[in-house]
Amino acid sequence: MPEKTDEEGTPERGNWTGKLDFILSCIGYAVGLGNVWRFPYLCYRNGGGAFLVPYAIMLFVAGLPLFFMELGLGQFCSQGPVTAWAISPFFMGIGWAMIMISAMVCTYYNVIITYAVYYMFVSFVNLDDELPWQHCGKAWNTEKCRDEPYPSMDGMNETSKVDAILGLKDSTCLTGLLANLSAMANQTYNVIADLNSTLLSDHTESCDIKFTTPSAEFWNRFVLRSHEADGLEYIGGVSLKNVLCLLVCWVFIFFCLMNGVKSSGKVVYFTATFPYVILVILLIRGVTLPGYWRGIEFYIIPKWELLKNPKVWGDAATQIFYSLGPAWGGLLTMASYNKFNNNCMRDAFIVSIVNCGTSVFAGFAIFSLLGYMSYVTNVPVDQVADSGPGLAFVAYPEGIAKLPSPPIWAFLFFFMLFTLGCDSQFVMMETVLSGISDVFPKQLRKRKVLFTFVGCMIGFLLGIPQTTKGGIYLLTLVDWYSGSYNLMIVSFCEVVCICYVYGINKFRRDVEMMLGKTSPIIWGYFYITWCCITPIAIAFIVIMMAINYMPAYLGDYTFPSFAEALGWLMALSPVLLILIGFVVQSIRKGGVRNALRSEPHWGPAADEDRTGAYSPLNGNFTSINGDYPANVGYNTKKDNLTMGNDNLGYGGEKL
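As the structure is a prediction and not an experimental result, all values here were calculated from the model. What you see as residue numbers is a count from 1 along each chain, following the sequence as written. In keeping with the model being predicted, local features are shown solely for residues with a pLDDT of at least 70 and side-chain atom pairs are shown and tallied solely at 80 or more, while totals for entire chains, interfaces and linings include all residues. To get the side-chain values, take all heavy atoms of the structure and skip hydrogens and water.

With respect to the overall build of the chain
Helix and strand assignments come from DSSP, with helices taken as H or I runs of at least 4 residues and strands as E runs of at least 2, each series counted from the N terminus. Secondary structure assignment for the chain yields 26 helices and 6 strands. On C-alpha atoms alone, the chain measures out to a radius of gyration of 28 Å, which is about the 26 Å that the 2.2 N^0.38 rule sets for 655 residues. With the C-alpha coordinates of the chain rotated into their principal frame, the extents come out at 110 × 50 × 50 Å. The proportion of buried residues among the 655 residues of the chain is 55%. Across the chain, every contact between residues at least 6 apart in sequence was considered, and the portion connecting residues at least 24 apart equals 79%. As displayed, the chain has an accessible area near 27,600 Å², and 63% of this comes from carbon and sulfur atoms. By the counting rule applied here, Lys and Arg register as positive and Asp and Glu as negative, while His and the ends of each chain are not counted. Taken as the charge centre is NZ of Lys, CZ of Arg, CG of Asp or CD of Glu, depending on the residue. Separation of charge centres in the chain, based on 42 positive and 49 negative side chains, amounts to 9 Å. Just to be clear, the radius of gyration here is over C-alpha atoms, and the globule rule we use is 2.2 Å times residues to the power 0.38. Throughout, exposure labels follow a simple rule: accessible area from a 1.4 Å probe, protein chains only, divided by the maximum for the residue type, with under 20% read as buried, over 50% as exposed, and the rest as partly exposed. Throughout, a contact is declared for two residues whenever any of their heavy atoms are within 4.5 Å. Accessible surface is estimated by sampling points in the Shrake-Rupley manner with a 1.4 Å probe; for residues, cover comes only from the protein chains shown.

Listed below in structure tokens is the structure:
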């Protein structure tokens, strides 16, 4: 089927082929890896069920207002993250900042998906065997690998307790402590066998053997091989298996995006819904295991006293912000493919609530299995719980290894991670591609497939250094800094532009052109949040991030100063683009005042949607600012805008 073009021969941007395409894409974008591996951890660390209070409050004071603002802006003008800022060219740098942030995140996010794919392949080929991280004794394991449960002291006599504890201690270290322990107990101990269980448990923590799990050694010593690197100072050679998996992932992304939203909009019917099937299966399996209640109790029992801690509120605000995804450009991009009269306000409420509900639900599935893991290993839940890659590739695989038929459950879990990651990767990559294509439509839209292929291959090449033996250090650095303070500054600039420069009343009128009249109560909520509460919430997040700032680290490794400088360069580069945009647009428009005004072509993209303040008047077209050039008119026969000699009301030079 030939591609649709406008009168100048430029291919059109296209639209979603169905309403569910957009809803599912938004849900897939918002519901990502963080819902599974970050929210449950934050919840138990910040007061269990009590954490839901600041989480819900931050949803309604910051997350939802920004979410709807970006959907409304993108849908109204049907433009990508750069060209949408024709609303006020002074802020055009916001769009380029969004593209840069999404591009940086795309480079490492697909590497994480790569590891999920590798684990998925390994689980599949071992369906008839045991998982390679199920037991110690493999070629990559060390003498400190332990796959046996830790001894439970309940019901043991004193001799058994001492023997059990000594098995967990370094005997040379204990011998060196005998003099100190003798002085402490006012009793002479000549050999470590003379020590009692109380002294061993309470005063010899420094002699604990640092055991590792089979899953941790499989992840670190086989998948990553990070022990063969020396931090960022020497990242070692490339891992061929990881590079090939990375290539598979980028090829998959390419085929899903090669036809834009027409192809990705269909893929999400599976990738956005399948994770819920797996989460339900994992939850049902989890709550049928002994000890599951340990994890559930740890997860939900509220600790109300922690709500007095500002850090808890900061974590809630940050999680809402990262989860819903404002300021990345993805929401604006997806909404730009909507039909003009789509009810994006309804969609914003649906997606926000589904996203938060998924986070809570995923926590039950995750912690039920962690409770079982705690039960069978005799290790407290807080010592088996983790977040980020530590949960996805160490703690959870370790728990799965304890299940009956572990390869099946491992395959399902990592397939779920793959689909969760792909949805977010689709949107971030489409943000980069469509954002640049909208700036150069004549050159790039007709070459959509080629441009998408080139973009994916560039992402693949930039991801290769992260698949080296020390690649996890580079991945951690990019993850730590690429989407941090810059997201808050982008959001703040968005709010300032739309509410205080363009005008909140004008924006409301634009939204009601699409949706019709809406309840004053709902608009009162958005007025209060947009103009006051949301900017304050953004400032609060920035302050809390500054207070709790820690330089990047990974385990015991602290990044060198040059790496931290590189990280801050990644964090501040998008902000620099915003500042450059201020300067460039002010020069191009002949001053700040002119740069703050909307472009003459600002408004709905389709002629039939340009009504009200954007409609043709008396044969000529006048914008809301009255600054359309005199050579622009409206041809009622062709039902479109005309310029120059085609405009019968124009008496100027022939174009």
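Topic: the packing of aromatic side chains
Put simply, two rings from Phe, Tyr or Trp (the six-membered ring, in Trp's case) pair if the centres are within 6.5 Å, and we call them stacked under 30 degrees between planes, edge-to-face over 60, tilted for the rest. A full pass over the atoms with the stated rule returns 63 aromatic pairs. One aromatic cluster is present, built from ring pairs that chain together Y115, Y119, W133, W140, F218, W219, F222, F393, Y396, F413 and F414. Here, a charge over a ring is recorded when the distance from Lys NZ or Arg CZ to the ring centre is within 6 Å and its angle to the ring normal is within 35 degrees. Over the face of the ring belonging to Y150 we find R146, whose NZ or CZ atom lies 4.7 Å from the ring centre. A cation over an aromatic ring shows up here: K241 above the ring of F222, its NZ or CZ 5.1 Å from the ring centre.

What to know about the state of the cysteines
Cysteine sulfur atoms are paired as a disulfide whenever they come within 2.5 Å of each other. Summed over all chains, the structure comprises 2 disulfides. What pairs with C136 in a disulfide is C145, and their sulfur atoms sit 2.0 Å apart. Linking C136 and C145, the disulfide has an S-S dihedral of approximately -85 degrees and is accordingly described as left-handed. Residue classification places C145 among the buried residues on the basis of a relative accessible area of 11%. A disulfide bridge connects C173 with C207, and the sulfur atoms are separated by 2.0 Å. Taking the torsion about the S-S bond as the criterion, the C173 to C207 disulfide, at about -70 degrees, is left-handed. Remark: C207 occurs in the loop between α8 (197–203) and α9 (214–224) and C173 occurs in helix α7 (residues 171–185); sequence separation between them is 34 residues. Each disulfide of the chain joins two cysteines, and with those cysteines numbered along the sequence the arrangement is 1-2, 3-4. With no disulfide partner, C43 has as its closest neighbouring cysteine sulfur the one in C356, 12 Å distant. Free of any disulfide, C106 has its nearest neighbouring cysteine sulfur in C456, separated by 8.9 Å.

Remarks on the side chain of S226
Turning to its location among the elements, S226 is positioned in the loop between α9 and α10 (240–257). Residues contacting S226, with those up to four places away along its chain left out, are N220, K469, I472 and Y473.

Remarks on the packing of helix α5 (residues 93–125) against α10
Whenever a helix is involved, its axis is fitted only over the stretch in contact; in every case the axis is a line through C-alpha atoms, and angles between N-to-C directions fall within 0 to 180 degrees. The N-to-C vectors of α5 and α10 enclose an angle of 110 degrees; their axes lie 8 Å apart at closest approach. When the axis of α5 is compared with that of α10, the two are roughly perpendicular. Both α5 and α10 take part in a crossing whose hand is right-handed. Residues C106, N110, V111, I113, T114, Y115, V117, Y118 and F121 of α5 touch α10, and the partners they reach there are K241, N242, C245, L246, C249, W250 and I253. All amino acids are sorted into three groups, where Ala, Val, Leu, Ile, Met, Phe, Trp, Tyr, Cys and Pro are nonpolar, Asp, Glu, Lys and Arg are charged, and the leftover types, Gly among them, are polar. Looking at the contact of α5 with α10 residue by residue, the classes come out as 12 nonpolar, 3 polar and 1 charged. Orientation labels follow simple angle bins: below 35 degrees gives roughly parallel, above 145 gives roughly antiparallel, 65 to 115 gives roughly perpendicular, and whatever is left gives oblique. Handedness of a crossing follows from how the near helix is turned relative to the far one, being left-handed for an anticlockwise turn of less than a right angle and right-handed for a clockwise one.

A look at helix α14 (residues 310–324)
Given 3.6 residues per turn, any residue in an α-helix points the same way as the ones three and four places further on. The span you would expect from a helix comes to 1.5 Å times its residue count less one. The first and last C-alpha atoms of α14 sit 22 Å apart over 15 residues, in line with the 21 Å expected at 1.5 Å per residue. Of the residues making up α14, those classed as buried are V312, G314, D315, A316, A317, T318, Q319, I320, F321, S323 and L324. Polar contacts here mean pairs of N or O atoms no more than 3.5 Å apart (in protein, one a potential hydrogen donor and the other a potential acceptor; neighbouring residues in sequence count only if both atoms are side-chain atoms). A distance of 3.0 Å separates the backbone nitrogen of K311 from a side-chain oxygen at the start of α14, and that oxygen is part of N309.

Overview of the side chain of Q75
Examined against the element boundaries, Q75 turns out to sit in helix α4 (residues 52–77). Judged by relative accessible area, which is 0%, Q75 ranks as buried. Engagement of the side chain of Q75 in a polar contact is seen with the side chain of N338, the distance being 3.1 Å.

Some words on the pattern of salt bridges
Between side chains of opposite charge, pairing is possible as soon as their charged atoms come close. Salt bridge, as applied in this entry: a Lys or Arg side-chain nitrogen positioned within 4 Å of an Asp or Glu carboxyl oxygen. With the rule as written, the count across this model stands at 15 salt bridges. A salt bridge links E130 to K138, with the shortest nitrogen-to-oxygen separation between them at 3.3 Å. Residue classification places K138 among the partly exposed residues on the basis of a relative accessible area of 24%. A salt bridge links K402 to E398, with the shortest nitrogen-to-oxygen separation between them at 3.5 Å.

Here we look at unusual backbone geometry
Backbone geometry places N186, a non-glycine residue, at a positive phi of 55 degrees. Within the secondary structure, N186 sits in the loop between α7 and α8. Not every positive phi belongs to a glycine, and A327 is a case in point at roughly 80 degrees. Looking at where A327 falls in the secondary structure, it is placed in the loop between α14 and α15 (330–335). Given a relative accessible area of 0%, A327 falls into the buried group.

Thoughts on the environment of C499
Along the chain, the position of C499 falls in helix α23 (residues 485–515). Residue C499 is classed as buried on the basis of its relative accessible area, which comes to 7%. Taking C-alpha positions, C499 is 33 Å from K262, a pair spaced 237 residues apart along the chain. In this structure C499 touches M69, I504, W530 and C531, once residues within four positions along its chain are discounted.

Description of helix α1 (residues 19–30)
The terminal C-alpha atoms of α1 lie 17 Å apart, and with 12 residues this matches the ideal 16 Å at 1.5 Å per residue to within 8%. With 10 of its 12 residues buried, α1 lies for the most part within the structure. Turning to α1, its buried residues are D21, F22, I23, L24, S25, C26, I27, G28, Y29 and A30.

Describing a nonpolar patch on the surface
To count toward a patch, a residue needs a relative accessible area over 30% and no salt bridge; like charges are then connected within 9 Å, while nonpolar side chains (Val, Leu, Ile, Met, Phe, Trp, Tyr) are connected within 5 Å. Taken together, the side chains of L240, L244, L247, V251 and F255 define a hydrophobic patch exposed on the protein surface, amounting to about 450 Å² of accessible area. Note that V251 resides in helix α10. Under the relative-accessibility criterion, V251 is labelled partly exposed at 31%.

Some points on the confidence of the model for the chain
Every residue is assigned a pLDDT by the predictor, reflecting its confidence on a scale from 0 to 100. Of all residues in the chain, 92% have pLDDT values of 70 or greater, and the mean over the chain is 87. In this model residues 618–655 is a low-confidence stretch, pLDDT under 50, and it forms 68 contacts with partners more than four residues away in sequence or in other chains.

A few points about the environment of A571
Note on placement: A571 falls in helix α25 (residues 561–589). For A571, a relative accessible area of 2% gives the class buried. Spatially, the C-alpha atoms of A571 and Y372 are 40 Å apart, while their sequence positions differ by 199 residues.

Focus on the packing of α4 against helix α16 (residues 344–377)
Close contact between α4 and α16 brings their axes to 9 Å; oriented N to C, the two are set at 145 degrees. Regarding α4 and α16, the two cross each other, and that crossing is right-handed. Between α4, through L52, Y55, L59, L64, F67, F68, L71, G72 and Q75, and α16, the contact on the second element is made entirely by C344, M345, A348, F349, V351, S352, N355, C356, S359 and V360. In terms of residue class, the contact of α4 with α16 is made up of 14 nonpolar, 5 polar and no charged.

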